[in-house]
Every structure is written in C-alpha cells, then in structure tokens.
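# Reading the structure
Take a look at the letters that make up each chain.
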Amino acid sequence: MLSVKNVAVIVYDQVDALDVTGPFDTFAIASNWGQDFRVYTVALESKNPVRTISGLTIQPDFASWDCPAPDVLVVPGGWGSRKEMYNEKLTGWIYETSQRASFTLSVCTGALLLAKAGLLEELRATTNRRAMDLLKEAAPASTMLVENVRYVDNGRLITSAGVTAGIDAALHLVAKLLGEERALETASRLEHDWRREPSEWLAFHRAKDGDVDGIRSLFVDAAEWIHSTHGLWQWRAEHFNREMVEAFVRDQEVFVATLGNEYVGCFSMHWRDKEIWGEKFHEDAGYVHRLCVSRKRKGEGIGRELIHYAESYIQSRGKRWLRLDCMSDNPSLNAYYVNSGFSFQGLYDAGMWSANLYEREIKEKTPAR
C-alpha cells in the first residue's frame, strides 16, 4: 500500500478561499479516509487566523517553521498574491520547499509566487486569464505562457488557471498519483465536471485501415449535427459510407486523435488547394480539411489541440502558414477561428454551400509529437 503523502496548502491574507478549499477538498476526498493523503494548511510565520478575499477566516494548521515536509505543495492565488509575490521570505520558503516536494501546484495567481520564487525558468505556465499580463511581467523571459487552458503540467510543477481550475489540476495530480479511476470517483463525489486538458491525454497518429470505422462515426455524427442545427446537408451522412472513408484514408494524409479507444477528432492535410483558394493560393502553407471533433467532447479543447498538431506538422515540412475553411453558415465556429488568431481571407461559394477561408501564421517552434 502507498504511504500517506503530505499535502500542504499555503494560506496568507487576502488569499482566494476557493483557491485554497478547492484543491484541499479534492485531495481530502481522494485520500481514502486519510490513508493516501494528509492535507493541511500552512502560513509563513505564525498560526494566527488569516482572512480570505471574501472574508472567510482560516486557522492555519502549521507555520512554516513547524510544517511537516510536504510531498505536494499547493500555492493558491488571490488578491493578496500581488503583495506576497514581493515577500522574499515567503517566495524563498516556497522555493526551498518545492525542491524537496515531489510536486508543486499553483492555482490562479499563485503562479506569480512561483515566478518570483524562480521556479518557472524554461517551463510552460498559466494563470487566471485576467492576470496573464501580471504573470508575463513576473515570469522570466524563458517561460512560455499558455492561455485558454485549465492547467499546464511540466512534470513536477503544475500551474492552473483561475479559481475552479485548481480543482481540475488537483484531480489531474490525483490521477497521476493514484490512477484515473480514483480521480473520477473523487470528481463524482465532489459533483464536479472534471475538465481535463486534452494536451495531457490525447494521442495522435496517422490514420490506417483500422481507423476507418472510428473516422466514419465522427463524420456521420458531425453531418447529422450540422443538419439538425443549421438545416443544411453540407456533409451528407449517407456520403460517408465505408468505401468512401477507406479511400479517404488511403489517398490522403489523415490524422486522428484518440482518448484511449475513443476516437475524438480527425483532419486531413493537403498541400495544394487552388480550387478553393484561387488567386490567394500559395505553397508556403498546409491546408487543413474536414477537421472534425466528437460531439460528445464539445468544449474540451480538442479542436484547439488538433489545430496545434496540424501547425506542428506543417512546420515540420518547412512551411509557415496554416489554412482552413469553415462553413459560412456556422457563426459560432467562425467566431472561434477569429478568436483563435485566424484572419479571414474571403468566401468560397460552391452554390449549394459556401465556406469562409482562414489562415494563421505559425510563429513558434512546436515540433510534431
């Protein structure tokens, strides 16, 4: 049986209550009645009560000088972090403690404390979307800031976005330590919809014959959803018979994303697309077609990961632009691409259907996995 792991959650004046209690309760509930985790709060210099932003009073279990050595150190955020990030005693203690701990997890603007503690060098990091500018100022130039994610896992150090994202990150760490089944059980007991980051659990591969049925299911579901939502048959479900999908996989560069045995997304990659792009066609781009995400996984960020993978693949071929088209009668999806940094390049009108054309320059070195 695994030994009990100590989980220390830092508290300080004007900390955010849910930044503290979210991960605290997650580890406590996952602890199997205290057999796997011992969870406690710790303040820097005394055990005097601290007040959260919302006015909740927390009595620390320990001060830093008598705190049991933690295996997991949780650094929450809150309005007080903007002051405490300049508290060298606190950031120094965080640095020293994190060096001995197996894992360090920040919640929200707790990432500011990690930055000032010198723990984010050459790592990826995130925070509350309203505090990304503060983290950019506090973090070293070598830190890669990641937006629009719930958490970022660097191995021993995990940073999470705002407030409730700390629960998602804590569940992710529970899964790493005790397995996914324990994390899912904990999420259920919390009645929390665990939002996992797809970058941590998706697998990508070039499609093969054995993927035909999974790809066909994705396309049929998408076609039926487009018809039921928009009244259009841009993709007709009956068009995606097995022979068609077999030819699609055989004749084109098709990639699939899976979660275990579940097919959750796919796309095809093309290098010449003059028919749709016309005079705007150029060869310094990869053209993504039939990008499809499982309707069961809507809102989990899988589309973003498919695009990221496509960018990586395009870049590995020495090209600088990702291009794609989107059904013009789907306002929400068009808005998604615009908000994701794609620029509108025109309209392709095929008569029975039309598509908006988008492109985005690939700027970062992101080798394909």
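Further up the page is the structure itself.
Description of the structure in this document. All of these numbers come straight from a predicted model, not from anything done at the bench.

### Details of the overall build of the chain
Each helix and strand in the chain was counted, giving 13 helices and 18 strands. In terms of principal-axis extent, the alpha carbons of the chain reach across some 70 × 40 × 35 Å. In the chain, buried positions account for 52% of the 369 residues. Considering only contacts in the chain between residues 6 or more positions apart, those separated by 24 or more positions represent 65%. Element-wise, carbon and sulfur atoms account for 48% of the exposed surface of the chain, whose accessible area totals about 17900 Å². Charged side chains in the chain number 43 positive and 51 negative. The centres of these two groups are separated by 2 Å.

### Digging into the nonpolar core
Core analysis: the largest hydrophobic core is formed by 57 residues, its most contacted members being Ile-10, Phe-27 and Ile-94. Looking at this core, the element that brings in the most residues is helix α6 (residues 165–178), giving seven residues. Apart from the residues lying within four places of it in its own chain, the contact partners of Ile-10 are Val-20, Val-42, Leu-73, Val-74, Val-75, Pro-76, Leu-90, Trp-93 and Ile-94. Counting 25 residues, the second largest nonpolar core, distinct from the first, contains Leu-259, Ala-310, Ile-314 and Phe-342.

### What to know about the packing of aromatic side chains
In this structure the tally under the stated criterion is 15 aromatic pairs. Judged by centre distance (5.9 Å) and plane angle (65°), the rings of Phe-344 and Tyr-358 are edge-to-face. Taken together, the positions of Phe-344 in strand β17 (residues 343–349) and Tyr-358 in strand β18 (residues 354–361) put the pair 14 residues apart, joining distant regions of the chain. Three or more aromatic residues joined by ring pairs make a cluster, and in this case those are Phe-204, Phe-255, Phe-267, Trp-271, Tyr-309 and Tyr-313. The side chain of Arg-206 reaches across the aromatic face of Phe-255, ending 5.9 Å from its centre.

### Observations concerning the pattern of salt bridges
Enumeration according to the criterion identifies 17 salt bridges in this entry. Measuring nitrogen to oxygen at the nearest pair gives 3.8 Å for the salt bridge that ties Arg-304 to Glu-305. On the basis of relative accessible area, Arg-304 is assigned to the partly exposed category, the value being 26%. Between Arg-320 and Glu-361 there is a salt bridge; the shortest N-O distance is 2.7 Å. Highlighted residues: Arg-320 in the loop between α12 (302–316) and β16 (321–327) and Glu-361 in strand β18, separated in sequence by 41 residues. Here Arg-320 falls in the partly exposed class, since its relative accessible area comes to 40%. Overall, the relative accessible area of 30% leaves Glu-361 in the partly exposed class.

### A look at the pairing of strand β1 (residues 5–10)
The element β1 is largely enclosed, with a buried count of five among its six residues. With six bridges connecting them, β1 and strand β2 (residues 37–43) associate as parallel partners. In the sheet register, Lys-5 faces β2, and the bridge partner there is Phe-37. Following the backbone out of β1, through helix α1 (residues 17–30) and into the adjacent parallel β2, one traces a crossover that is right-handed.

### Remarks on the packing of α1 against α6
Working note: a packed helix pair is described by the angle between its axes plus the distance between those axes. For the pair α1 and α6, the least separation of the axes is 8 Å and the interaxial angle reads 30°. The angle between α1 and α6 falls in the class roughly parallel. As for how α1 packs across α6, the hand of that crossing is right-handed. Contacts from Gly-22, Pro-23, Thr-26, Phe-27 and Ala-30 of α1 reach α6 at Gly-166, Ile-167, Ala-170, Leu-171, Leu-173, Val-174 and Leu-178. Taken together, the residues of the contact of α1 with α6 sort by class into nine nonpolar, three polar and no charged.

### Focus on unusual backbone geometry
One non-glycine residue, Glu-191, adopts positive backbone phi at about 55°. Among the secondary structure elements, Glu-191 is positioned in the loop between α7 (180–190) and α8 (198–201). You will see that Arg-290, though not glycine, has its phi angle at about 50°, which is positive. Mapped onto the elements, Arg-290 comes out in strand β15 (residues 285–293). Taking the relative accessible area as the measure of exposure, Arg-290 reaches 27% and is therefore partly exposed.

### What about the sheet that holds strand β14 (residues 262–270)?
The seven strands lie next to each other as β12-β13-β14-β15-β16-β18-β17, forming an open sheet whose pairing is mixed. The sheet is open, and its two edges are formed by β12 (203–206) and β17, each paired on a single side. Neighbour-to-neighbour, the strand axes of the sheet open up by a mean angle of 25°, direction not taken into account. As defined by bridge partners, β12 adjoins strand β13 (residues 253–259) across four bridges and the pair is classed as antiparallel. The residue of β13 that forms the bridge with Ala-203 is Thr-258. Its contacts with the sheet put α12 on β12, β13, β14, β15, β16 and β18, and the angle it makes with β14 is roughly 35°. Packing against the sheet, helix α13 (residues 331–339) makes contact with β15, β16 and β18, and its axis sits at approximately 160° to β16.

How each quantity is defined
Residues numbered from 1 in each chain as written. Predicted model: local features only at pLDDT ≥ 70, side-chain atom pairs only at ≥ 80, totals over all residues. Heavy atoms only, no water. Helix = DSSP H or I, 4+ residues; strand = E, 2+ residues; numbered from the N terminus. Buried < 20%, exposed > 50% of the residue type's maximum accessible area, 1.4 Å probe, protein only. Contact = heavy atoms within 4.5 Å. Areas by Shrake-Rupley, 256 points an atom, 1.4 Å probe, with all protein chains shown as cover. Lys, Arg positive; Asp, Glu negative; His and termini not counted. Charge placed at Lys NZ, Arg CZ, Asp CG, Glu CD. Core = buried A, V, L, I, M, F, W, Y, C linked by side-chain atoms within 4.5 Å. Phe/Tyr/Trp six-rings, centres within 6.5 Å; stacked < 30°, edge-to-face > 60°. Lys NZ or Arg CZ within 6 Å of the ring centre and 35° of its normal. Salt bridge = Lys/Arg side-chain N within 4 Å of Asp/Glu carboxyl O. Pairing = 2+ DSSP bridges. Right-handed = clockwise from strand over helix to strand, strands pointing away. Axes fitted to C-alpha atoms, helices over the stretch in contact; angles between N-to-C directions. Parallel < 35°, antiparallel > 145°, perpendicular 65-115°, else oblique. Left-handed = near helix turned anticlockwise from the far one by under 90°. Nonpolar A, V, L, I, M, F, W, Y, C, P; charged D, E, K, R; others polar.

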